[in-house]
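The residues making up each chain are set out below.
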Number of protein chains: 2
Amino acid sequence: MNEQAAGSDFAILNCRVLQACTAGSANTMTVTAPKTIEINGGMITEIHDRPTTTARTELDAGGRIAMPGLINSHCHSAMTLFRGAAEDVTAETWFNDYVWPFEVNLEPHDVYLGTLLACIEMLLAGVTTVADHYFYVDQVAKAVEQSGIRANLGPTFFSSQGKASRDHSFELAEAIHGTAGGRITASIAPHAPYTCTDEDLAASAEAAQRLGVRVHLHAAETIDQTESSLASRGVSPIKVLEDTGILDAGVLIGHGCGILNDDLEVLQKFAGQVGVAHCPKTYLKHAMHVLTPIGGLQAIGAAVGVGTDGPASCNSLDLFENTRLMALTQKQIKRDATQMNTSEALSILTEGGARVVGLGEQCGRLEVGRRADIAIVDLSGAHNQPVHDELAALVYSARSSDVYATIVDGKVVALDGQVPGVDVDGLIKEMKQRLPKLLDLSHGRRIQTYDP
Amino acid sequence: MNEQAAGSDFAILNCRVLQACTAGSANTMTVTAPKTIEINGGMITEIHDRPTTTARTELDAGGRIAMPGLINSHCHSAMTLFRGAAEDVTAETWFNDYVWPFEVNLEPHDVYLGTLLACIEMLLAGVTTVADHYFYVDQVAKAVEQSGIRANLGPTFFSSQGKASRDHSFELAEAIHGTAGGRITASIAPHAPYTCTDEDLAASAEAAQRLGVRVHLHAAETIDQTESSLASRGVSPIKVLEDTGILDAGVLIGHGCGILNDDLEVLQKFAGQVGVAHCPKTYLKHAMHVLTPIGGLQAIGAAVGVGTDGPASCNSLDLFENTRLMALTQKQIKRDATQMNTSEALSILTEGGARVVGLGEQCGRLEVGRRADIAIVDLSGAHNQPVHDELAALVYSARSSDVYATIVDGKVVALDGQVPGVDVDGLIKEMKQRLPKLLDLSHGRRIQTYDP
């Protein structure tokens, strides 16, 4: 019996592990023979070949695949409240006639309910970490804490709300950072360069530096936004981030589809602290033809992760789907089917995502010393069989419903289609009672106007 | 008690029905209040509002949505055998170095096993009809009959196999047409204009006319194929189909991404008997940037359906996924998020698919007089909730795993994740024993060379 393993808190037996073939080589992944993962204090302490353990509790994975927990690198979780409520409309209509008017109606408890439902959906789908950007962050944090997911939370603000609102947002970030046993980290979260003044962006950078966190915002979301910025003020949104100190503070950029080649040169200077979240389903749904320059960002050493964006545009919070869409669209854009191979796609989903959300050392790989954030995926379904290539199965045929178990910080937070300890039916019932109020547009207002 | 309903064979109670709002209006779909569907002799005989039935057997749908069974308008089902075995390669490599060499190894029983697995996957995913194009069609038919799915089967041939092979293919089509209690219909199935001579295409058209069936083939699969045809022989693949009598006989065209505007004029003359299967996942995976001209085909009155293509390219046989990809890519291509709305996407999946596979009068809608081919979809999962818009849920958040029951010809062929009467584990076990032989490339041959 191995000393280190004796008396582990928890062990996962008989799991085949998705790993990078060699340390540091992110783009060549493989699935091992069955192994045992020992976990202590929420951390992976040993991965070994023995089929037994002395751990106090154990989970037999039955030969299924253990992969690093999926990381949703950009989301507005509470918007499950508006799932399917703004369909087949332009981005302008989506913002100005639906979503931003809807959000006038939000009360704090709505945000709690919407976020909790999102967390349940994500945990059932193997997601162990979400980078969230939304209002009423204390309610978001409450749902995160209850559900057991790991999260980086950014309290959204617009400059139109005034300086007090901005400063309150900074205070909220400080208050939640490090809570939920360390599962919650914070970001400073101005909405975007087109809705926040340079002064507020600079204050955000300063607050992030002061708190030792990063900035999470939308920038260069579309090529149209970049062109608009160039026309109106002569600089790109990315240059604005440099000029206001955001890049220096470290940043999670939502989307970045409008990042230009010139911007890549700017970003290169800060590449170690820049991450970009790529959310392809939303881009296609909004008819965008220019997508995040993933290859260019990787070439300069910036991190790229996969995200869903909010469920009012993406409809579901499904990272299997978005990873697949990323690989498919990258092949198409480059007119080369050999591009974005399955290893690379899975590496972006896991290691890339961890770097993007500021957890590059803690998450994203299943190896000793990292947090035990694990998705156990069952490939036995008819739609995955036979399995000639596990990586191809994970990228191209596996569904979120194939997730057998999700583990965060060494705790089983979803198992066999259930999230223990959460009354999902009661939650949905309570939410439904609040929907008419949420969709009421009779007030004729919106929280902000989209005019980038 | 209604006379017509009394003593029905089978009734589905408490189902909300996906229907076109008005007869003939395909593009405005809606979901009704809970209804009862009465079924006799495999046909829908009444849809009523009473919550009770006198049917001999009944299924309580629990308020779930009953939609027309999904129609896979182009597939090579048996290629589940090669799922994931040719990844991240160009189309040329895919054909010449993997799939066509693999297919040298096929024995009839392999095709039976591969097709049966595909049928199970599809039935679990709400697919009630598949248009299949493959070798050893007697084995395909055996699997179809056993599984309970409805199918249009085309026995594939290449001209390189010789005239006897072609004529045998015609005989096989004749032999299977109308079998399995009418669930199997046949098509004449030359592979493609670039692998079959004009003489064989003309003979195919003639055989189809003689048997009263249609032709199912690949044509203008890519814009490159069309350009190659124009360069080498001065006419497009679609013009070849006209010149050889294929369009006049009636045809199911796989893909048609290389259909030109000039071709639409040709096709318009035969629009009532032309269907095109659109399989977007395969197109993106093969890095194709020009996709089926869906709008143009609809404008001339040709039918368009959704297909998966074979699982060696598509990896899964998932029509929820392919319908979603169709809607997303059409919005992107047209740079207009209002295009391909949810009604239209669902209409193409159901009515469009039925027309494409030659069952436009029998399937594709849930209404009296049509076959009782039904998918019952459960939207209660966290990833679909709350449901503001059922059509959006079906197109953008529902998964194949949300299918609760699949009914073909009034018979429940899949229920709650199980296909009654099929030993899936035994099937997969038997298949796995045969895989090393199937992937053996030591023979150095291929069934055909890809050089369109």
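Rules and cut-offs
Residues numbered from 1 in each chain as written. Chains lettered and ligands numbered in written order. Predicted model: local features only at pLDDT ≥ 70, side-chain atom pairs only at ≥ 80, totals over all residues. Pairing = 2+ DSSP bridges. Helix = DSSP H or I, 4+ residues; strand = E, 2+ residues; numbered from the N terminus. Axes fitted to C-alpha atoms, helices over the stretch in contact; angles between N-to-C directions. Buried ≥ 20, exposed ≤ 12 C-beta atoms within 10 Å, placed from the backbone. Contact = placed C-beta atoms within 7 Å. Nonpolar A, V, L, I, M, F, W, Y, C, P; charged D, E, K, R; others polar. Domains from an automatic or database assignment. Core = buried A, V, L, I, M, F, W, Y, C linked by C-beta atoms within 7 Å. Least-squares fit on C-alpha atoms with pLDDT ≥ 70 in both. Parallel < 35°, antiparallel > 145°, perpendicular 65-115°, else oblique. Left-handed = near helix turned anticlockwise from the far one by under 90°.

Visitor: Is there a simple way to explain the sheet that holds strand β8 (residues 150–157) of chain B in this structure?
Guide: All names here are of chain B. Across the sheet, which stays open at both edges, the eight strands sit in the order β6-β7-β8-β9-β10-β11-β12-β13 with parallel pairing between neighbours. Where the open sheet ends on each side, the last strands, each with one partner, are β6 (70–75) and β13 (303–306). Looking at each pair of strands side by side, their axes are set apart by 25 degrees on average, direction ignored. Across four bridges, β6 lies against strand β7 (residues 127–134) in parallel orientation. Across the sheet, residue Cys75 finds its bridge partner in β7, namely Asp132.

Visitor: I'm lost on helix α3 (residues 137–147) of chain B in this one. Help?
Guide: Residue pairs three or four apart in sequence face the same way in an α-helix, which turns once every 3.6 residues. Residue and element names in this part refer to chain B. Among the residues making up α3, those that are buried are Val137, Gln139, Val140, Ala141, Ala143, Val144 and Ser147. At its buried positions, α3 is contacted by α2 (108–124), β7, β8, α4 (163–176), β9 (184–190) and β16 (411–415). Positive backbone phi, at 95 degrees, marks Gly148, one or two positions downstream of α3.

Visitor: Please explain the sheet that holds strand β10 (residues 214–219) of chain A as it appears in this structure.
Guide: Hydrogen bonds along the backbone pair up the strands of a sheet, which may run parallel or antiparallel. Residue and element names in this part refer to chain A. An order of β6-β7-β8-β9-β10-β11-β12-β13 is seen for the eight strands of this open sheet, with the pairing classed as parallel. Each edge of the sheet is formed by a strand with only one pairing partner; in this case those strands are β6 (70–75) and β13 (303–306). Here the average twist between neighbouring strands, direction ignored, is 25 degrees. Bridge count for strand β11 (residues 251–255) against strand β12 (residues 274–278) is four bridges, and the pairing is parallel. Of the residues in β12, the one forming a bridge with Val251 is Val274.

Visitor: I'm lost on the interface of chain A and chain B in this one. Help?
Guide: Accessible area lost on assembly of the parts is the figure often given for the size of an interface. If you look at the interface, chain A gives 51 residues, while chain B gives 51 residues. Counting residues per element, the ones that place at least two in the side of chain A that touches chain B are α2 (108–124), α10 (280–285), α13 (319–333), α15 (390–397) and α16 (424–438) of chain A. Ranked by residues supplied to the side of chain A that touches chain B, first place goes to α16 of chain A with five residues. The class makeup of the residues in the side of chain A that touches chain B is 21 nonpolar, 17 polar and 13 charged.

Visitor: Help me out: how do you make sense of the domain arrangement of chain A in this one?
Guide: All names here are of chain A. Domain assignment breaks chain A into domain 1 (10–68 + 370–415) and domain 2 (70–356). Here the C-alpha centroids of domain 1 and domain 2 sit 27 Å apart. With 25 residues of domain 1 at the interface, the matching set in domain 2 holds 25 residues. For the side of domain 1 that touches domain 2, the secondary structure elements donating two or more residues are β5 (65–68), β14 (374–377), α15, β15 (403–408) and β16 (411–415). For the side of domain 1 that touches domain 2, the element with the most residues is α15, which contributes five residues. Classifying every residue of the side of domain 1 that touches domain 2 gives 17 nonpolar, four polar and four charged.

Visitor: Teacher, can you tell me more about the environment of Arg210 of chain B here?
Guide: All names here are of chain B. Position of Arg210 among the secondary structure elements: in helix α5 (residues 198–211). For Arg210, a count of 12 C-beta atoms within 10 Å translates into the label exposed. Sequence separation between Arg210 and Tyr396 is 186 residues; the distance between their C-alpha atoms is 43 Å.

Visitor: Is there a simple way to explain the pairing of strand β2 (residues 29–40) of chain A in this structure?
Guide: All names here are of chain A. Relative to β2, strand β1 (residues 10–20) runs antiparallel, the two sharing eight bridges. Bridge pairing in β2 links Phe10 to Ile39. Two elements, β2 and strand β3 (residues 43–48), share five bridges in a ladder whose sense is antiparallel. By the bridge assignment for β3, Thr36 is matched with His48. If you look at the hairpin formed by β2 and β3, you'll find two residues sitting between the two strands, and Gly41 has a positive phi there, around 60 degrees.

Visitor: Honestly, the nonpolar core in this entry has me stumped. Any pointers?
Guide: Generally speaking, soluble globular proteins have nonpolar side chains that are buried together. With 311 residues, the main nonpolar core has Ala66 of chain A together with Ala66 of chain B as its most contacted residues. Two domains each provide a minimum of three residues to this core, namely domain 1 (10–68 + 370–415) and domain 2 (70–356) of chain A. If we skip the residues at most four places from it in the chain, Ala66 of chain B touches Ile12, Cys15, Arg16, Val17, Leu18, Ile37, Ala61, Leu366, Ile374 and Ile376 of chain B.

Visitor: Help me out: how do you make sense of the relation of the copies chain A and chain B in this one?
Guide: Turning one copy of the chain about an axis and sliding it along that axis gives the other copy, so a rotation and a shift relate them. Note on the identical chains: chain A maps onto chain B by a rotation of 180 degrees and an axial translation of 0.0 Å, with an RMSD of 0.0 Å. What the rotation and shift describe, once combined, is the action of a two-fold rotation axis. Residue Ser401 of chain A of chain A places its C-alpha closer to the rotation axis than any other residue of that unit, at 3.4 Å.

Visitor: Teacher, can you tell me more about unusual backbone geometry here?
Guide: All names here are of chain A. Between Gln385 and Pro386 the backbone carries a cis peptide bond, its omega angle lying at -15 degrees. Secondary-structure assignment places Pro386 in the loop between β14 and α15. The phi angle at Met340 is positive, at roughly 45 degrees, despite the residue not being glycine. Structurally, the position occupied by Met340 is in the loop between α13 and α14 (342–356). Overall, the presence of 25 C-beta atoms within 10 Å leaves Met340 in the buried class.

Visitor: Looking at this structure, I do not really get the environment of Gly426 of chain B. What am I missing?
Guide: Relative to the elements of secondary structure, Gly426 of chain B occurs in helix α16 (residues 424–438). Here the alpha-carbon distance between Gly426 of chain B and Asp97 of chain B, two residues 329 residues apart in the chain, equals 31 Å.

Visitor: Would you mind going over the packing of helix α4 (residues 163–176) of chain A against helix α5 (residues 198–211) of chain A with me for this structure?
Guide: If you want to describe how two helices pack, look at the angle between their axes and the distance between the axes. All names here are of chain A. Contact pair α4 / α5: the axes reach a minimum separation of 11 Å and the direction vectors enclose 20 degrees. As summarised for this structure, α4 and α5 are arranged roughly parallel, according to the angle between their axes. Here α4 and α5 pass one another in a crossing that is right-handed. Residues Arg166, Phe170, Ala173 and Glu174 of α4 form the contact with α5, whose own contacting residues are Asp200, Ala203, Ala207 and Leu211. For the contact of α4 with α5, a count of residues per class yields five nonpolar, no polar and three charged.

Visitor: Sorry if this is basic, but what is going on with the packing of helix α14 (residues 342–356) of chain B against helix α15 (residues 390–397) of chain B here?
Guide: Residues and elements named next belong to chain B. Between α14 and α15, the shortest axis-to-axis distance is 9 Å and the interhelical angle comes to 65 degrees. Considering only the axes of α14 and α15, their crossing is left-handed. For the pair α14 and α15, the contacting residues are Thr342, Ser343, Ala345 and Leu346 in the first and Leu391, Ala392, Leu394 and Val395 in the second. Residue composition of the contact of α14 with α15, by class: six nonpolar, two polar and no charged.

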